[in-house]
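Residues per chain, in single letters:
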Amino acid sequence: MALFSKKFDIDSNDPMAYGQASSNFKKTLKQLGIPSPIIKRTAIAMYEAEINTIIHGGGGSGSVVIEDDHILIIFEDQGPGIPDIELAMQEGYSTASSEIREMGFGAGLGLPNIKKNSNGLDIESEPGKGTKVTIRIDL
Amino acid sequence: MSNIHSVILDKDKCMGCTNCISHCPTEAIRVRHGKASIIDERCIDCGECIRVCPHHAKRAQSDTLDMLKNFDFTVAVPAPTLYGQFKDHFSIDQILTALKELGFDDVFEAAEAADIVTSELKKKLKNKKEKVPWISSSCPAVVRLIQIRFPALLDQIVRIESPMEIAARIIKNDIYPEKKNIGVFFISPCPAKITAVKKPIGSKASSVDGVIAINEIFLPLHAAAGNLEKVEELGRASYWGVSWARSEGESHSTEWPETVAVDGIENVLKFFEELENGKIKHVDFIEAMACPGGCVGGALTVENPYISKARIIRKAGKLIEEDRGGRLKPDSHAVLGMDTDIQPKQGLKLDVDFKKALEKMAKIEEIANELPGLDCGSCGAPTCRALAEDIVVGTAKKNDCIFVLRDEINHLTENLAELGSWMPPLFSEREEKE
Ligand code: SF4
């Protein structure tokens, strides 16, 4: 069993709550005394993924798991899915609408950024069904 | 390690209301036994609680003018915010002369030192290579906030001392190196500066000898300023240096295109959250001030922050034409940088042992889920989650929550009622099970 785990919902209708899950988890990591550089990477990767779930997935759910030597962050949505994951991994690729881009979100899926800040990134996606993103950060 | 603070509670005045607890940016206040108490390791001396307390039960420990007699020679270092406390017809020179009238032998404006920091900042920004934005070190409450809540941002703090500290170093090393028992007094708009002297953050020891709150000195100073025989030409700071008293003063003084100014501790918190998430881009320098409007909003000032800010803009404006030049000699050895690392503070950490911290965290989640989530404050903690944390670290009980308590009483009365109508089998007509 995991040492610590928590589930939460990601609501795409409340712009004030964008990034809330990441902020809460960041606080948890600080209270646990996790070293700052790891918190920084976790924050960036998780925030990017959370925003993706909102913008591209139309909301969904997520969970965080802390084990002895790593953290897992999972986001799931029932959105349109990513047709070509390899393409999405390239810098600058985006499917976001222009209004959303104007808000400063969705300039690229941020997947390369998630990858850069994590120790493992796994994406399962089926067009029309949804996307599941799993991020691993080693402790 | 002891925690020295300047913000203290006047127990007699505290009514045990919960106004302060929800405003504290580090959740450092609890109301216990009808009185507020501050958790030392968490307090950043921002003064937010002084500002919101309707009973004036929170105050700052300021030095007084009496202390001047402990020194052979004294120099006042007024924060430029002081100028904003006086109506427009009081000139900066007049206010500075009045300080001498109160017993100081000389004055050196913190704004003049701010000009020195500005030129240092400009040089640094020009040679900057890394992409991360720098965070100003000038607001000590913000620096302490980073130590406690945003340790990941610590290495982004500009390693230049505050104008107050630099002023004191210049006074002692450059202007009066021959003076022996010299006392440098900062005239402060906020409690965070008082703490910054008693317990410096970036340097081993402060060169400042005492800090007097603006609201402590204002009345005698105002009286003196109105009765001067002669006004000396003492002001030497530039438009920019004086502008440091208000938000955007510092960031604009760098004349760097990509800067941003954030003021008010709540706004600073939100901004740093986003900065930590990597969301803030295309910014090289961040001016972050704990008080609304910048230092003019300090908790130890007397004038409304916005009036004070408007006055600062007008008084600084007069200096655009007139530049008297600073007193730092070109061959100065004054050290402008910090000499120690800024360490993270563990005020929020649950346990030194990772496994134990995790266990506690799991318990916190469990208890937090059982609490109503109203953040009503009746338990004395700022949020339900904070109460859950207190319960797990052992400083509170679950029944401290009035809703939990009510449920327990409900159960109890239900049980009592049931038990009260209970008849021994001898007298009762019970339906026999078939
Ligand atoms: S001074 Fe600021 S940090 Fe300290 S207890 Fe008051 S509100 Fe909290």
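Residues numbered from 1 in each chain as written. Chains lettered and ligands numbered in written order. Predicted model: local features only at pLDDT ≥ 70, side-chain atom pairs only at ≥ 80, totals over all residues. Heavy atoms only, no water.

- With an unreviewed UniProt entry as reference, chain B is termed [Fe-Fe] hydrogenase large subunit C-terminal domain-containing protein, source organism Candidatus Thalassospirochaeta sargassi.

- For chain A, an unreviewed UniProt entry supplies the name ATP-binding protein and the organism Candidatus Thalassospirochaeta sargassi.

Overview of empty space enclosed by the protein
All names here are of chain B.
Next up, step 1: Tallied over the full model, the rule gives nine cavities of 30 Å³ or more.
Next up, step 2: Around the largest cavity sit 24 residues that line it, and S138, P189, K193, W244 and C295 are the ones nearest its centre.
Next up, step 3: Those elements giving two or more residues to the lining of the largest cavity turn out to be α4 (110-126), α5 (140-149), α6 (163-175) and α7 (191-198).
Next up, step 4: No other element matches α4, which puts three residues into the lining of the largest cavity.
Next up, step 5: Residue classes in the lining of the largest cavity are distributed as 20 nonpolar, three polar and one charged.
Next up, step 6: By volume, the second largest cavity is sized at about 160 Å³.
Next up, step 7: Every residue lining the second largest cavity is counted, 16 residues in all, and those nearest its centre are E161, S162, A196, I201 and G202.
Next up, step 8: Of all the elements in the fold, those that place two or more residues in the lining of the second largest cavity are α5, α6 and α7. (1 Å grid on protein atoms, 1.4 Å probe; cavity = no way out; pocket = protein on both sides within 12 Å on 5 of 7 lines; lining within 4 Å. Points joined across faces, edges and corners; volume = space filled by probe spheres on them. Helix = DSSP H or I, 4+ residues; strand = E, 2+ residues; numbered from the N terminus. Nonpolar A, V, L, I, M, F, W, Y, C, P; charged D, E, K, R; others polar.)

Some details on the domain arrangement of chain B
Next up, step 1: The assigned domain composition of chain B is domain 1 (1-60), domain 2 (65-129 + 161-245 + 294-336) and domain 3 (353-434).
Next up, step 2: Here the C-alpha centroids of domain 2 of chain B and domain 3 of chain B sit 56 Å apart. (Domains from an automatic or database assignment.)

Quick word on the UniProt feature "domain: 4Fe-4S" (unreviewed entry) in chain B
Next up, step 1: With numbering aligned to this structure, UniProt lists the feature "domain: 4Fe-4S" (unreviewed entry) at residues 359-418 of chain B.
Next up, step 2: Across residues 359-418 of chain B, the secondary structure splits into 65% helix and 0% strand, with the terminal C-alpha atoms separated by 39 Å. (UniProt positions renumbered as here; feature names shortened; annotations may be inferred.)

A word on the layout of surface pockets
Next up, step 1: Counted as a void, the largest pocket has a volume near 1,300 Å³.
Next up, step 2: Along its surface, the largest pocket is lined by 43 residues, and Q20(A), S23(A), N24(A), R149(B) and E273(B) are the ones closest to its centre.
Next up, step 3: The element best represented in the lining of the largest pocket is helix α1 (residues 20-32) of chain A, accounting for seven residues.
Next up, step 4: Domain assignment of the residues forming the lining of the largest pocket places at least three in each of domain 1 (1-60) and domain 3 (353-434) of chain B.

Considering the sheet that holds strand β11 (residues 285-289) of chain B
Residues and elements named next belong to chain B.
Next up, step 1: The three strands lie next to each other as β7-β11-β10, forming an open sheet whose pairing is parallel. Of all strands in the sheet, those bounded by a partner on one side alone are β7 (134-135) and β10 (259-263).
Next up, step 2: As defined by bridge partners, β7 adjoins β11 across two bridges and the pair is classed as parallel. Paired with I135 across the two strands is I286, which belongs to β11. (Pairing = 2+ DSSP bridges.)

Some details on the pattern of salt bridges
Next up, step 1: Tallied over the full model, the rule gives 24 salt bridges over all chains.
Next up, step 2: Salt-bridge contacts for E27(B) lead to K27(A); the nearest nitrogen and oxygen are separated by 3.8 Å. Linking E27(B) in the loop between β1 (7-9) and β2 (29-32) with K27(A) in helix α1, this pair reaches from one chain into another.
Next up, step 3: Of the charged contacts, one joins K122(B) and E255(B) as a salt bridge, the two residues approaching to 2.8 Å between their closest N and O atoms. Linking K122(B) in helix α4 with E255(B) in the loop between α10 (249-253) and β10, this pair joins segments that are 133 residues apart in sequence. (Salt bridge = Lys/Arg side-chain N within 4 Å of Asp/Glu carboxyl O.)

Quick notes on the sheet that holds strand β1 (residues 4-10) of chain A
In sheet architecture, strand pairing relies on hydrogen bonds along the backbone and comes in two forms, parallel and antiparallel.
Residues and elements named next belong to chain A.
Next up, step 1: One open sheet holds the five strands; their spatial order is β1-β2-β3-β5-β4, and the pairing between them is antiparallel. This sheet does not close on itself; its edge strands, each paired only once, are β1 and β4 (120-126). Taking the axes of each pair of neighbouring strands and ignoring which way they run, one obtains an average angle of 10° across the sheet.
Next up, step 2: Relative to strand β5 (residues 130-138), β4 runs antiparallel, the two sharing seven bridges. In the strand pairing of β5, I123 is matched with V133.
Next up, step 3: Sitting on the sheet, α1 is in contact with β1, β2 (60-66) and β3 (70-77), with an inclination near 10° to β2.
Next up, step 4: Here helix α2 (residues 36-55) sits on the sheet and contacts β1, β2, β3 and β5; the angle it forms with β3, its principal contact strand, is near 10°. (Axes fitted to C-alpha atoms, helices over the stretch in contact; angles between N-to-C directions. Contact = heavy atoms within 4.5 Å.)

Digging into the interface of chain B and chain A
The accessible area lost on association of the parts is a frequent measure of interface size.
Next up, step 1: Contacts between the two partners involve 24 residues from chain B and, on the opposite side, 22 residues from chain A.
Next up, step 2: Approximately 2,200 Å² of surface area, both sides summed, lies buried where chain B meets chain A, with 57% of it carried by carbon and sulfur atoms.
Next up, step 3: For the chain B face of the interface with chain A, the top three residues by lost area are N277(B), F354(B) and L358(B), together amounting to 27%.
Next up, step 4: Here chain B and chain A share seven salt bridges between them.
Next up, step 5: Between K6(A) and E365(B) there is a salt bridge; the shortest N-O distance is 3.2 Å.
Next up, step 6: The interface formed by chain B and chain A holds twelve residue pairs in polar contact (both at pLDDT 80 or more) in total. (Buried area = accessible area lost by both parts, 1.4 Å probe. Polar contact = N/O pair within 3.5 Å; in protein donor to acceptor, adjacent residues only side chain to side chain.)

Comments concerning unusual backbone geometry
Next up, step 1: Positive phi is not limited to glycine here, since D45(B) has a value of about 55°.
Next up, step 2: For D45(B), the location among the structural elements is in the loop between β3 (35-38) and α1 (48-52).

Observations regarding the nonpolar core
Residue and element names in this part refer to chain B.
Next up, step 1: Membership of the largest hydrophobic core comes to 51 residues, with the highest contact counts inside it found for I171 and F186.
Next up, step 2: Taken together, the elements giving at least two residues each to this core come down to β2, α1, β5 (73-78), α4, α6, β8 (182-188), α7 and β9 (210-213).
Next up, step 3: When residues of this core are assigned to their parent elements, the largest contribution, seven residues, is made by α4.
Next up, step 4: Composition of this core by domain shows at least three residues from each of domain 1 (1-60) and domain 2 (65-129 + 161-245 + 294-336). (Core = buried A, V, L, I, M, F, W, Y, C linked by side-chain atoms within 4.5 Å. Buried < 20%, exposed > 50% of the residue type's maximum accessible area, 1.4 Å probe, protein only.)

Some details on the environment of K193(B)
Residue and element names in this part refer to chain B.
Next up, step 1: Take K193: it is sitting in helix α7.
Next up, step 2: Placed 63 residues apart in sequence, K193 and W256 show a C-alpha to C-alpha distance of 27 Å.
Next up, step 3: Apart from residues lying up to four places away in sequence, K193 is in contact with S138, P140, S162, M164, F186, S188 and V211.
Next up, step 4: Here S138 takes part through its backbone oxygen, which lies 3.3 Å from a polar atom of the side chain of K193.

Topic: a nonpolar patch on the surface
Residues and elements named next belong to chain B.
Next up, step 1: Taken together, the side chains of M423, L426 and F427 present a nonpolar region at the surface, about 400 Å² in accessible area.
Next up, step 2: On the secondary structure map, M423 appears in the segment after α15 (402-420).
Next up, step 3: By relative accessible area, which is 45% here, M423 ends up partly exposed. (Patch = residues over 30% accessible without salt bridge, like charges linked within 9 Å, V, L, I, M, F, W, Y side chains within 5 Å. Areas by Shrake-Rupley, 256 points an atom, 1.4 Å probe, with all protein chains shown as cover.)

Examining the packing of aromatic side chains
All names here are of chain B.
Next up, step 1: One pass over the full model with this rule turns up eight aromatic pairs over all chains.
Next up, step 2: Taken together, the aromatic side chains of F71, F104 and F185 make up a single cluster linked through ring pairs.
Next up, step 3: The ring of W134 carries the charged tip of K128 above its face, separated from the ring centre by 4.4 Å.
Next up, step 4: In this structure, K179 is placed above the aromatic ring of F73, and the distance from its NZ or CZ to the ring centre is 4.5 Å. (Phe/Tyr/Trp six-rings, centres within 6.5 Å; stacked < 30°, edge-to-face > 60°. Lys NZ or Arg CZ within 6 Å of the ring centre and 35° of its normal.)

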